[in-house]
Amino acid sequence: MGIVNVTPDSFSDGGAFLDADAALAHARRLIAEGADVLDIGGESTRPGAAPTDEASEIARVVPVISAVRRESQLPISIDTMKPAVARAAIAAGATMWNDVTALRFAPESPATAAALGCEVALMHMRGEPRTMQAAPRYDDDVVGEVATFLAARADAAIAAGVAREKIWVDPGIGFGKTAAQSLALLRGLDRIVALGFPVLVGASRKSSIAKIAGDKSTEGQRLGGSIAAALAAARAGVAMIRVHDVAETRQALAVAAAIGQAEA
Ligand code: HH2
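If you're wondering where the values come from, they're calculated on a predicted model, not measured in any experiment. (Residues numbered from 1 in each chain as written. Predicted model: local features only at pLDDT ≥ 70, side-chain atom pairs only at ≥ 80, totals over all residues. Heavy atoms only, no water.)

### Here's the deal with the sheet that holds strand β4 (residues 96-99)
(1) Moving on: Here 6 strands make up an open sheet; going across it, the order is β1-β2-β3-β4-β5-β6 and the pairing parallel. Each of the sheet's edge strands pairs with one partner strand only, and the pair in question is β1 (2-5) and β6 (167-170). Taken pair by pair, the neighbouring strands of this sheet meet at an average axis angle of 25°, ignoring direction.
(2) Moving on: With 4 bridges joining them, β4 and strand β5 (residues 119-123) adopt parallel strand pairing. Bridge pairing links W97 to V120 in β5. (Pairing = 2+ DSSP bridges. Helix = DSSP H or I, 4+ residues; strand = E, 2+ residues; numbered from the N terminus. Axes fitted to C-alpha atoms, helices over the stretch in contact; angles between N-to-C directions.)

### Points about helix α6 (residues 179-187)
(1) Moving on: Residues A179, Q181, S182, L185 and L186 constitute the buried set of α6. One side of α6 holds all its buried residues, which, seen down the axis, span an arc of 160°. Turned more than 90 degrees from where α6 packs its buried face, A180 and R187 sit exposed.
(2) Moving on: Turning to α6, the residues buried within the fold contact α5 (142-159), α7 (189-193), β7 (200-201), α8 (207-213) and α9 (223-235). (Buried < 20%, exposed > 50% of the residue type's maximum accessible area, 1.4 Å probe, protein only. Arc of directions from axis to C-beta. Contact = heavy atoms within 4.5 Å.)

### Here's the deal with the nonpolar core
Soluble globular proteins: nonpolar side chains tend toward being buried together.
(1) Moving on: Core analysis: the largest hydrophobic core is formed by 60 residues, its most contacted members being L38, I40 and I65.
(2) Moving on: For this core, the element with the most residues is α5, which contributes 8 residues.
(3) Moving on: When sequence neighbours within four positions are dropped, the list of residues in contact with L38 reads G2, V4, A27, L30, I31, V68, L74, P75, I76 and S77.
(4) Moving on: Counting residues in hydrophobic clusters, the runner-up holds 7 residues, among them V37, M96, A121 and M240. (Core = buried A, V, L, I, M, F, W, Y, C linked by side-chain atoms within 4.5 Å.)

### Section: the pattern of salt bridges
(1) Moving on: Under the defined criterion, the tally for this structure stands at 10 salt bridges.
(2) Moving on: The residue D39 makes a salt bridge to R242 at a minimum N-O spacing of 2.9 Å. Linking D39 in strand β2 (residues 38-41) with R242 in the loop between β8 (240-241) and α10 (246-260), this pair joins segments that are 203 residues apart in sequence.
(3) Moving on: Assessed through its relative accessible area of 1%, D39 is described here as buried.
(4) Moving on: With relative accessibility at 16%, the residue R242 sits in the buried group.
(5) Moving on: Where E43 meets K82, a salt bridge forms, and the shortest distance between an N and an O atom there is 3.3 Å. Placement of E43 in the loop between β2 and α2 (54-71) and of K82 in the loop between β3 (76-79) and α3 (83-91) is noted, with a sequence separation of 39 residues between them.
(6) Moving on: For E43, a relative accessible area of 10% gives the class buried.
(7) Moving on: Three or more residues joined by partner-sharing salt bridges are found here, namely D39, D79 and R242. (Salt bridge = Lys/Arg side-chain N within 4 Å of Asp/Glu carboxyl O.)

### A short note on the layout of surface pockets
(1) Moving on: Quantified by volume, the second largest pocket comes out at close to 300 Å³.
(2) Moving on: In terms of lining, the second largest pocket is formed by 15 residues, of which the most central are M1, D36, I241, R250 and L253.
(3) Moving on: Every element with two or more residues in the lining of the second largest pocket is listed here: β8 and α10.
(4) Moving on: Among the residues forming the lining of the second largest pocket, the class breakdown is 11 nonpolar, 2 polar and 2 charged. (1 Å grid on protein atoms, 1.4 Å probe; cavity = no way out; pocket = protein on both sides within 12 Å on 5 of 7 lines; lining within 4 Å. Points joined across faces, edges and corners; volume = space filled by probe spheres on them. Nonpolar A, V, L, I, M, F, W, Y, C, P; charged D, E, K, R; others polar.)

Written out as structure tokens, the structure is:
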């Protein structure tokens, strides 16, 4: 899954793709690099980010989704917590609703997801983006807590009418987690996979990569660590990996898969 941020303040590439034409150019590049899905977002969820209003978010993402859809049949995911934005994005051609609040932001979110009939990614987050990194605490077993939460959110989505086979789950690396907790989740991904839903994981360029590595790298300097996380995720059975660097990640996954294959 290649990331297309249409925001002025995303933690990694914010601002660079604010212009719809620039976002489209970036989307084209990720498609050429071999992305299987594009994740298009118009609101930053970086720690401390200010919320974006619904109309601005729609105005950012819809032109990009429509433009990509005009030239490609690739699945498109809309990264939003707002049901109105999800509705507009799906109408413009998106096929998945990627919700970092796991359909908890608005009371009508689960019913909206059911009515849209699209795929839905349910992500674990402790708190909300503005405050989530303020001393996140878990019981001893962060993986167990996240797995229990994701199972409960999947149940809630199904109860609201979302088809079971449309549901993806995501442990939310870096969302209300210390680097040690994110590391525990990367180590315990097999237990999230065991829930029985396809798993999506995004560790690409996140600050936890630098903290785990013990370096002072900036976002653009975290490709090596991001690839290490992607390989571990693939090994654990994760179905989709959300990344900024599609070509490099694909190459790493291809080589790791080839090495892992029995000799013909
Ligand atoms: N991470 C980010 C945003 N959306 N969605 C899912 N399902 N999983 C993630 O790990 C995830 C996500 C944060 O990354 P990015 O979009 O690059 O930055 P920003 O949130 O500032 O737009």
